[in-house]
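Chain by chain, the residues:
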Amino acid sequence: MSSIAKKIQEQQYEDQKQHQQQAHQTVVIRKAKISIGEVFLLCALAIMVAYMGVKIVSNQAAIYETNKEIQLVESKIAEQGKVNDDLKVQVAELSTYERIWEKAAALGFKLNKNNVKGVQ
């Protein structure tokens, strides 16, 4: 082979090599960046999740306090019911005929059978 043909062949080989290197160099793999809108949406989502978490916890605390108050009121109602029952028993004991007759006699009242009318 002549030296000119050899030089042309070497030049073509180097051009191919250089072209391949340029092809490899031009292929750049970029990482996917997060756009500003996506960052805003992610921040909004994080804030909303945090807010909902706080809201749920505060609602549960309010429910707990309300249940506690309900139990206190129910216990007071039960105690008052017992007191009412005791007072009803006392009223029944104090309103017997014999006791009323004793009190009337002690105050000077007398039974006049002519003034007594039966009610049906």
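Residues numbered from 1 in each chain as written. Predicted model: local features only at pLDDT ≥ 70, side-chain atom pairs only at ≥ 80, totals over all residues. Heavy atoms only, no water.

The next point concerns the overall build of the protein chain. The helix and strand tally for the protein chain stands at 3 helices and 0 strands. Counted from the first residue to the last, the protein chain has its helices and strands arranged as α-α-α. The C-alpha radius of gyration of the protein chain comes to 52 Å, more than 25% above the 14 Å expected for a compact globule of 120 residues. In terms of principal-axis extent, the alpha carbons of the protein chain reach across some 165 × 25 × 20 Å. When each of the 120 residues of the protein chain is scored for burial, the buried share is 1%. Of the roughly 12200 Å² of accessible surface on the protein chain, 61% is carried by carbon and sulfur atoms. Seen as two clouds, the 16 positive and the 13 negative side-chain charges of the protein chain have centres 3 Å apart. (Helix = DSSP H or I, 4+ residues; strand = E, 2+ residues; numbered from the N terminus. Rg over C-alpha atoms; globule rule 2.2 N^0.38 Å. Buried < 20%, exposed > 50% of the residue type's maximum accessible area, 1.4 Å probe, protein only. Areas by Shrake-Rupley, 256 points an atom, 1.4 Å probe, with all protein chains shown as cover. Lys, Arg positive; Asp, Glu negative; His and termini not counted. Charge placed at Lys NZ, Arg CZ, Asp CG, Glu CD.)

The subject of this paragraph is the UniProt feature "transmembrane region" (unreviewed entry) in the protein chain. In the numbering used here, UniProt assigns the feature "transmembrane region" (unreviewed entry) to residues 39-58. Taken as a whole, residues 39-58 contains 100% helix and 0% strand, while its terminal C-alpha atoms sit 29 Å from one another. (UniProt positions renumbered as here; feature names shortened; annotations may be inferred.)

This part is about the confidence of the model for the protein chain. Any segment with low pLDDT has predicted coordinates that should not be analysed in fine detail. On average, residues of the protein chain carry a pLDDT of 86, and 92% of them reach 70 or more. Mean pLDDT values over the elements of the protein chain span from 72, in helix α1 (residues 3-26), up to 96, in helix α2 (residues 36-94). (pLDDT = per-residue confidence, 0-100.)

Once that is clear, we can look at a nonpolar patch on the surface. Judged by side-chain polarity, I34, V39, L42, L45, M48, V49, Y51 and M52 come together as a nonpolar surface patch covering roughly 800 Å² of accessible area. As for its position among the elements, L42 is in helix α2. (Patch = residues over 30% accessible without salt bridge, like charges linked within 9 Å, V, L, I, M, F, W, Y side chains within 5 Å. Salt bridge = Lys/Arg side-chain N within 4 Å of Asp/Glu carboxyl O.)

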